[in-house]
Amino acid sequence: SQTIHQWPATLVQPVGSPLSLECTVEGTSNPNLYWYRQAAGRGLQLLFYSVGIGQISSEVPQNLSASRPQDRQFILSSKKLLLSDSGFYLCAWRGSNQPQHFGDGTRLSIL
Amino acid sequence: RKEVEQDPGPFNVPEGATVAFNCTYSNSASQSFFWYRQDCRKEPKLLMSVYSSGNEDGRFTAQLNRASQYISLLIRDSKLSDSATYLCVVNSASGTYKYIFGTGTRLKVLA
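How each quantity is defined
Residues numbered from 1 in each chain as written. Chains lettered and ligands numbered in written order. Predicted model: local features only at pLDDT ≥ 70, side-chain atom pairs only at ≥ 80, totals over all residues. Heavy atoms only, no water. Helix = DSSP H or I, 4+ residues; strand = E, 2+ residues; numbered from the N terminus. Buried < 20%, exposed > 50% of the residue type's maximum accessible area, 1.4 Å probe, protein only. Polar contact = N/O pair within 3.5 Å; in protein donor to acceptor, adjacent residues only side chain to side chain. Contact = heavy atoms within 4.5 Å. Salt bridge = Lys/Arg side-chain N within 4 Å of Asp/Glu carboxyl O. Buried area = accessible area lost by both parts, 1.4 Å probe.

Chemist: Just checking my understanding: could you explain the side chain of Arg37 of chain A for this structure?
Modeler: All names here are of chain A. Along the chain, the position of Arg37 falls in strand 4 (residues 32–38). We classify Arg37 as buried; its relative accessible area is 13%. Side chain to side chain, Arg37 and Tyr89 meet in a polar contact 3.0 Å long. Those residues in contact with Arg37 that sit more than four places away from it in its chain are Gly43, Leu44, Gln45, Leu47, Gln62, Leu64, Ser84, Asp85, Ser86, Phe88 and Tyr89.

Structure below.
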């Protein structure tokens, strides 16, 4: 069966520090991969999605970037975090003709 | 107009009640529809896909009305454990990888 791993679960970072969140999927090949952010009390905002290695689509211009160095690995990064980057970050995967499935999420607080 | 719109609620219902949520979408080319459930401070989890002919899973019934561009979720015999936020999800257009999430409808089932 397929599983998705996302870490860390919680992260507290100072303003201006870098960020790297990692997501890996097991049990499937060539999944579509997604990064979302959910601000407190708000809906899910799609940040990036990827249909293959090295293929990244950005939905919202911002302080973040994404990379997909391997088929089942998706990384969210920032060089310098802003206060507005705080939120609940969710990675999701999707197989062919299937709905999305989410990782446990990372709760990021910027101080 | 938002691509996917939901009544935020909260819907406060007694145990055993029947409750229904609607979700409207703006893109008539959308082909994939889902309901997710999100508990407080947790990741969204797939509740059910929504098929053109309507579908049922235990106490949950989902329906699609293409003419009026809305989907619905009916919960019968509500349980305390049904308390959560219910997210409507629509793909942005036929054949695309991008999915749009509604901001969710909050349900509270009261003892």
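Chemist: Got a minute to help me understand the pattern of salt bridges in this structure?
Modeler: Counting across every chain of the model gives seven salt bridges over all chains. Of the charged contacts in the structure, one is a salt bridge between Arg68 of chain A and Asp71 of chain A, with a shortest N-O distance of 3.2 Å. Residue classification places Arg68 of chain A among the buried positions, given a relative accessible area of 3%. Among the salt bridges present, the one from Glu56 of chain B reaches Arg76 of chain B, with a minimum N-O distance of 3.5 Å. Here the residue Glu56 of chain B occupies a position in strand 6 (residues 55–57), and Arg76 of chain B occupies one in the loop between strand 8 (70–75) and strand 9 (84–91), the gap between them amounting to 20 residues. You can call Arg76 of chain B partly exposed: its relative accessible area is 27%.

Chemist: Can you help me understand the interface of chain B and chain A in this one?
Modeler: Where the parts come together, the accessible area they lose is often given as the size of the interface. At the interface, 15 residues of chain B touch 21 residues of chain A. When chain B packs against chain A, close to 1500 Å² is buried across both sides, 59% of that on carbon and sulfur atoms. Here chain B is connected to chain A by one salt bridge. A salt bridge links Lys98 of chain B to Glu59 of chain A; its shortest N-O distance comes to 2.7 Å. At the boundary of chain B with chain A, the tally comes to six residue pairs in polar contact (both at pLDDT 80 or more). Sorting the residues of the side of chain B that touches chain A by element identifies strand 4 (33–38), strand 5 (45–49) and strand 10 (99–101) of chain B as the ones contributing at least two each. The biggest single contributor to the side of chain B that touches chain A is strand 4 of chain B, with three residues.

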